[in-house]
Amino acid sequence: MQPGKPSRTAWAAATHRAAHQILEQGRIFHDSLALRILGEDAETVAREAAEHPSRRVMRMFVAVRSRYAEDALAAAVERGVRQVVVLGAGLDTLAYRTAFSDMLRLFEVDHPSTQAWKRQRLEDAAIPIPKSLTFAPIDFEHQTLAEGLVAAGFDPSQPAFFTWLGVVPYLTEESVWSTLGFIASLPKGAHVVFDYSDPPASLPVELRIRHERRAQHVAELGEAWLHYFESGDLHAKLRALGFSAIEDLGPPQISARYFPNRVGAPPDKGGHILHATTI
Ligand SMILES: C[S@@+](CC[C@H](N)C(=O)[O-])C[C@H]1O[C@@H](n2cnc3c(N)ncnc32)[C@H](O)[C@@H]1O
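Described in the following lines is the structure provided in the data block. (Residues numbered from 1 in each chain as written. Predicted model: local features only at pLDDT ≥ 70, side-chain atom pairs only at ≥ 80, totals over all residues. Heavy atoms only, no water.)

### Regarding the pairing of strand β3 (residues 133-137)
- Of all 5 residues that make up β3, 4 are buried, and the element is covered over most of its length.
- Strand direction decides the pairing type here: strand β2 (residues 105-110) and β3, joined by 5 bridges, are parallel. In the sheet register, Leu-106 faces β3, and the bridge partner there is Leu-133.
- Note that the unit made of β2, helix α6 (residues 112-124) and β3 has a crossover that is right-handed. (Buried < 20%, exposed > 50% of the residue type's maximum accessible area, 1.4 Å probe, protein only. Helix = DSSP H or I, 4+ residues; strand = E, 2+ residues; numbered from the N terminus. Pairing = 2+ DSSP bridges. Right-handed = clockwise from strand over helix to strand, strands pointing away.)

Here you go:
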């Protein structure tokens, strides 16, 4: 991230969610606040998305990861989880529209510059901040999640659900494993949902070219992708930390679950969304 500035990729992800509401009518992921928090009018968002048809793949992935995370959260709430942490929240709107608000303690963790910008966006859009929500400004590279969350009132003795969407690739491997280690260490158990990508060298050539273009773009924004995971390695390390159940959807599984009418086979490799739990 650029020093003192909010995340530009957080803006891009929010734009994809808003465009999905208009262009696909929120078919994969319905977000009633996606457009409002962005502060753009529907016509501009729709026109810009339509002018860049290559953005559709990323837009649908962003929609899928939010849908997957919120479905997993709903199931965890049914089983009694009452603490939710949105890590690297960006302009995510879960906390402001969840039907479970009265039952939950929610925490939004983000880089201080992005979080300050989001709070301004919420104010400008007149989106009320629910009593159940606490903001925790944390730079993952310079502060541990444990310190920052406990200071914000998180109760480590209670089960918790963490979403961590669109963040892991931007962090150093050390800070990713430090965060996952903290989540795995919670004594009453925890869930985490995050996305990651297969190493570029394993992608089919057409996807690799698209990936390289996008990697160059985010690097120019000051938010370079720092690493990727090979699924087998990642699962082994998660199990070693104590995550006993792992569900990992790669492109074929995402296609089967969310795009059953897709024409043509999906690629084997690409973006993944993963749910790991110690409960
Ligand atoms: C691509 S955005 C994703 C935002 C949001 N989760 C979403 O899906 O819309 C990346 C997020 O990671 C956060 N981030 C990047 N580096 C960070 C760091 N070192 N500490 C805390 N947050 C960080 C940014 O502030 C931004 O909100």
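### Some details on the site of the ligand
- Looking at the ligand, there are 22 residues lining it, with Arg-17, Gly-88, Asp-110, Thr-114 and Leu-165 nearest.
- Its free accessible area being 590 Å², the ligand has 96% of it covered by the protein chains.
- Element by element, the count of residues in the shell around the ligand is highest for helix α1 (residues 8-23), at 4 residues.
- Classifying every residue of the shell around the ligand gives 10 nonpolar, 7 polar and 5 charged. (Near = heavy atom within 4 Å. Areas by Shrake-Rupley, 256 points an atom, 1.4 Å probe, with all protein chains shown as cover. Nonpolar A, V, L, I, M, F, W, Y, C, P; charged D, E, K, R; others polar.)

### Here we look at α6
- Helix length check: α6, at 13 residues, gives a terminal C-alpha distance of 18 Å against a target of 18 Å (1.5 Å per residue), a fit within 8%.
- Within α6 the residues assigned to the buried category are Ser-113, Thr-114, Gln-115, Trp-117, Lys-118, Arg-121 and Leu-122.
- Buried positions along α6 lie against α1, α2 (34-38), α5 (94-97), β2 and β3.
- Ala-126 sits one or two residues past α6 and shows a positive phi near 55°. (Expected span 1.5 Å × (residues − 1). Contact = heavy atoms within 4.5 Å.)

### With respect to the environment of Val-85
- With respect to the helices and strands, the residue Val-85 is situated in strand β1 (residues 83-87).
- With 50 residues separating them in the primary sequence, Val-85 and Phe-135 have C-alpha atoms 9.9 Å apart.
- Residues within four places of Val-85 in sequence aside, it is in contact with Phe-107, Val-109, Leu-149, Phe-154, Phe-161, Phe-162 and Thr-163.

### Notes on the nonpolar core
- Of all hydrophobic cores here, the largest spans 46 residues; its most connected members are Tyr-96, Val-193, Ile-254 and Tyr-258.
- Among the elements that make up this core, the one with the highest residue count is helix α4 (residues 56-78) (10 residues).
- Counting 35 residues, the second largest nonpolar core, distinct from the first, contains Val-109, Ile-138, Leu-234 and Ala-276. (Core = buried A, V, L, I, M, F, W, Y, C linked by side-chain atoms within 4.5 Å.)

### Here we look at the sheet that holds β2
- Read from one edge to the other, the open sheet built from 7 strands follows the order β3-β2-β1-β4-β5-β7-β6, with strand pairing classed as mixed. Two strands in the sheet have a free side with no partner beyond their single neighbour: β3 and β6 (245-249). Ignoring strand direction, the axes of neighbouring strands in this sheet form an average angle of 15°.
- Packing of α4 onto the sheet brings it into contact with β1, β4 (160-164), β5 (190-197), β6 and β7 (271-277), and relative to β7 it is tilted by some 15°.
- Contacts from helix α11 (residues 251-258) reach β6 and β7 within the one sheet, and its direction differs from that of β6 by about 80°. (Axes fitted to C-alpha atoms, helices over the stretch in contact; angles between N-to-C directions.)

### Some details on the pattern of salt bridges
- Summed over all chains, the structure comprises 12 salt bridges.
- With a shortest N-O distance of 3.2 Å, Arg-97 and Asp-31 are connected by a salt bridge. Of the two residues, Arg-97 sits in helix α5 while Asp-31 sits in the loop between α1 and α2, which places them 66 residues apart along the sequence.
- Between Arg-97 and Glu-70 there is a salt bridge, with the nearest N and O atoms lying 2.8 Å from each other. Taken as a pair, Arg-97 in helix α5 and Glu-70 in helix α4 lie far apart in primary sequence, 27 residues in all.
- You can call Arg-97 partly exposed: its relative accessible area is 22%.
- Members of the salt-bridge network, linked through shared partners, are Glu-24, Arg-56 and Arg-59. (Salt bridge = Lys/Arg side-chain N within 4 Å of Asp/Glu carboxyl O.)

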